[in-house]
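Fold and contact review
Listed below, chain by chain, are the residues.
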Amino acid sequence: MSRSRSYILILIVWAIFAGYVAVSAGHLPERVATHFGASGLPNGWMTRAGHVQFTIVFGLLIPAFVLGVFASIRGFGDRWLNIPHKDYWLAPERRQETYDFIQSQGTWFAGLFILFLAGIHYSILAANTRTPVSLPVADVCWIAGPYLIATIIWVAIFIIHFYRKAA
């Protein structure tokens, strides 16, 4: 996928995320429990507007940072890039493809993070509908578990890609 298309796709994913947060915010109380202790009981609160603003801005800044880091790797110079079979992958005939792959992986990771934040927002919505307000460990596992597994798969794809060489 071209860089411009991947950036358009990530903007669409972020816009859907921001829309989801904004629309679903109406289901939150004015005082939102946003941080929970190990027991699942809340120990930190924000206003509804504050939570929505923080979630949308955080959901923009962190993926933008990830995209920026991955995009800037091209400018760091080859000596700062640590990949298996570096000489092979940075040969002139594969150099562009290598940097495009790295940047594409950054886009995937940024999108994965946006989905993770959507899951966190959903868990906050669910926690604030309970009486008393609580966030069960199972809810945390259903959000963090798939994110962790997807991140491990993302890392494996990244590593496996550079360990293989054309015959």
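Please refer to the structure higher up on the page.
Reference entry: report on the structure contained in this document.

Rules and cut-offs
- Residues numbered from 1 in each chain as written.
- Predicted model: local features only at pLDDT ≥ 70, side-chain atom pairs only at ≥ 80, totals over all residues.
- Heavy atoms only, no water.
- Salt bridge = Lys/Arg side-chain N within 4 Å of Asp/Glu carboxyl O.
- Helix = DSSP H or I, 4+ residues; strand = E, 2+ residues; numbered from the N terminus.
- Buried < 20%, exposed > 50% of the residue type's maximum accessible area, 1.4 Å probe, protein only.
- Pairing = 2+ DSSP bridges.
- Contact = heavy atoms within 4.5 Å.
- Expected span 1.5 Å × (residues − 1).
- Axes fitted to C-alpha atoms, helices over the stretch in contact; angles between N-to-C directions.
- Parallel < 35°, antiparallel > 145°, perpendicular 65-115°, else oblique.
- Nonpolar A, V, L, I, M, F, W, Y, C, P; charged D, E, K, R; others polar.

A few words on the pattern of salt bridges. According to the stated counting rule, one finds 5 salt bridges in the structure shown. Close ionic contact of Asp100 with Arg74 constitutes a salt bridge, the shortest N to O distance being 2.5 Å. Linking Asp100 in helix α4 (residues 95-129) with Arg74 in helix α2 (residues 48-76), this pair joins segments that are 26 residues apart in sequence. The partly exposed category is assigned to Asp100, whose relative accessible area is 31%. Of the charged contacts, one joins Arg94 and Glu93 as a salt bridge, the two residues approaching to 3.3 Å between their closest N and O atoms.

Further remarks concern the pairing of strand β1 (residues 31-36). The side chains of a regular strand alternate between both faces of the sheet. With 5 bridges connecting them, β1 and strand β2 (residues 42-47) associate as antiparallel partners. From the neighbouring strand, Val32 faces β2, where its bridge partner is Met46. The turn joining β1 and β2, which pair antiparallel and follow one another in sequence, is formed by 5 residues; a positive phi near 90° is taken by Gly40.

Right, let's get into the environment of Trp14. Note that Trp14 resides in helix α1 (residues 3-24). Once the C-alpha coordinates of Trp14 and Ala110 are considered, the two residues, 96 residues apart in sequence, prove to be 9.6 Å apart. When sequence neighbours within four positions are dropped, the list of residues in contact with Trp14 reads Ile56, Gly59, Leu60 and Ile114.

So, on to α1. In a regular helix each residue adds 1.5 Å, so 22 residues correspond to 32 Å; α1 covers 31 Å between its end C-alpha atoms and thus fits that length. At its buried positions, α1 is contacted by α2 and α4.

So, about the packing of α4 against helix α5 (residues 137-163). Relative orientation and spacing of two packed helices are given, respectively, by the angle between their axes and the distance between those axes. Relative to each other, α4 and α5 sit at 175°, their axes nearing to 10 Å. On the basis of their axis angle, the class for α4 and α5 is roughly antiparallel. Contact residues: α4 offers Thr98, Phe101, Ile102, Gln105, Trp108, Phe109, Leu112, Phe113, Phe116, Gly119, Ile120 and Ser123, while α5 offers Ile143, Ala144, Tyr147, Ala150, Thr151, Trp154, Ile157, Phe158, His161 and Phe162. Taken together, the residues of the contact of α4 with α5 break down into 16 nonpolar, 6 polar and no charged.

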